[in-house]
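Okay, here's what each chain looks like letter by letter:
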Amino acid sequence: AVVSTQSTGWCVIFRNLLFYYERENSTRPSGVVLLEGTTCQRAVMHDDGKQFAFTISVANDKQPLIFATETESDSLVWISAISQSSMLRVEKDCIELQVKLQEVQKRLQTEQSTKMEYQTFTEEQVITIKRLRDENFKLKKHIEELKMEKFKTSSENGSLKNSEEERINALVSSVAHRWYNLTRWRKIIDMYVKSEHADSMKKRNRVLWQLMKSEEDYVSQLGTLVMCFYKPLKMAASSSHPPLSHAQLNLIFRNCETLYYIHQIFLQGLQVRMEKWPVLVLGDLFDMLLPLLVVYQDFVRNHATSLEVLTQCKHNHNFYTLLEKHENKPAAYGYSLEMYLTFPIQRVSFS
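On a predicted model such as this, the values are computed, not experimentally measured, just so you know.

Reading the values: rules and limits
Residues numbered from 1 in each chain as written. Predicted model: local features only at pLDDT ≥ 70, side-chain atom pairs only at ≥ 80, totals over all residues. Heavy atoms only, no water. Pairing = 2+ DSSP bridges. Helix = DSSP H or I, 4+ residues; strand = E, 2+ residues; numbered from the N terminus. Axes fitted to C-alpha atoms, helices over the stretch in contact; angles between N-to-C directions. Contact = heavy atoms within 4.5 Å. Expected span 1.5 Å × (residues − 1). Buried < 20%, exposed > 50% of the residue type's maximum accessible area, 1.4 Å probe, protein only. pLDDT = per-residue confidence, 0-100. 1 Å grid on protein atoms, 1.4 Å probe; cavity = no way out; pocket = protein on both sides within 12 Å on 5 of 7 lines; lining within 4 Å. Points joined across faces, edges and corners; volume = space filled by probe spheres on them. Nonpolar A, V, L, I, M, F, W, Y, C, P; charged D, E, K, R; others polar. Parallel < 35°, antiparallel > 145°, perpendicular 65-115°, else oblique. Left-handed = near helix turned anticlockwise from the far one by under 90°.

**Comments concerning the sheet that holds strand β6 (residues 65-69)**
Here we have 3 strands laid out as an open sheet, ordered β4-β5-β6, and antiparallel in their pairing. Of all the strands in the sheet, just β4 (39-43) and β6 have a single pairing partner and so form its edges. In this sheet, neighbouring strand axes are inclined to one another by 30 degrees on average, regardless of whether the strands run parallel or antiparallel. By the bridge criterion, 5 bridges tie strand β5 (residues 52-57) to β6 in an arrangement that is antiparallel. Within β6, the position partnered with F52 by the bridge is T69. Packed on one face of the sheet, helix α1 (residues 72-83) meets β4, β5 and β6 and runs near 15 degrees to β5.

**Considering helix α6 (residues 256-274)**
End to end, α6 covers 27 Å across 19 residues, agreeing with the expected 27 Å (1.5 Å per residue, within 8%). Those residues of α6 lying buried are C256, L259, Y260, I262, H263, F266, L267, G269, L270 and M274.

**Looking at the confidence of the model for the chain**
With 86% of its residues at a pLDDT of 70 or more, the chain shows a mean pLDDT of 81. Considering each helix and strand of the chain separately, the mean pLDDT is smallest for helix α3 (residues 158-193), with a value of 71, and largest for helix α5 (residues 246-252), with 92. Across residues 1-5, where pLDDT falls below 50, the model places 14 contacts with residues more than four positions away in sequence or in other chains.

**Focus: the layout of surface pockets**
The computed volume of the largest pocket comes to approximately 590 Å³. D93, C94, L97, D287 and L290 are the residues nearest the centre of the largest pocket, which is lined by 24 residues in total. Elements supplying a minimum of two residues to the lining of the largest pocket: α2 (87-152) and α7 (283-292). With 10 residues, α2 is the largest single contributor of residues to the lining of the largest pocket. A per-class count over the lining of the largest pocket returns 12 nonpolar, 5 polar and 7 charged.

**What about the packing of α6 against α7?**
The interhelical angle for the contact between α6 and α7, taken along N-to-C directions, is 175 degrees, at an axis separation of 10 Å. Taken together, the axes of α6 and α7 lie roughly antiparallel to each other. Counted together, I262, I265, F266, G269, L270 and R273 of α6 and D284, L285, F286, M288, L289 and L292 of α7 form the full contact between these two elements. By residue class, the composition of the contact of α6 with α7 is 9 nonpolar, 1 polar and 2 charged.

**A closer look at the packing of α6 against helix α8 (residues 294-313)**
Contact geometry for α6 and α8: axes closest at 10 Å, N-to-C directions at 145 degrees. Seen along the crossing, α6 lies across α8 with a hand that is left-handed. From α6, C256, T258, L259, I262 and H263 reach across to α8, where they touch V295, Y296 and F299. Its residues assigned to classes, the contact of α6 with α8 comprises 6 nonpolar, 2 polar and no charged.

Written as structure tokens, this is what we have:
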């Protein structure tokens, strides 16, 4: 609430900017204050003891801006938020996040390199196992042949027999030694798979695939809301006998089409990144999405009004009949328009 003009309004802080509106559901701000380099502190208002006021002193401006809240706790929260609204702080947080991102990328590259090494080793061991099996089969076959020759050549020289046995023993020893090495490396691979790093990678992959699936479902829901309800009703509103006005249409579907386009772009970015698995870098996608989430603020504020206007429009028989027709389409999956208007609210809660 702005005390200096004795008027009530709604304020919103975005980074280092303070926007104030005449009403809660206003779409355009009445003014904006750059909070960079300002000083915010509590103020005592003698004319109204119930007001919890604070001032914002702007550089090169002798007259400070005076604001007030209904409770003292709200006043302290606003003072703290305004004092911390600085691009220097945002840049510092951004640098810290970039450093963390670089550390995660280095760790991911290390994990990927280790994984590739173990994959290469495993492939080599598979080839070795196949070769050892072939050698073992040949060895057994050779032993059988020797047994048959033993009965046919009973007068064979004993020294030759001893040398053949030594060769067989050497082959068996070689096979046993290779088998031992293969078993030892299998244990090493199992220990790596069951390590803490492997678990964290599994959890990370599980979260990313769940995000991908939920985003696909959400974009599908927004697409149904826009294509199955918004655009047909928009065409009906432009007809000669409209069942609803364009003002009512805009109140019901506030920012729905914008949300649909935003999440289409976000989903396409996710799909491109997931093709590069296991090297997944998603931070820049969320940095791109974060400033656009201001659209949700307007949608959430308007949600109660949207449902109220929709209920009023249903009293019109032509509108009710048209809406029922679209809700019964296979593309709507049996959900009502109210449910599709609630999906963005549920998505914000899920996030």
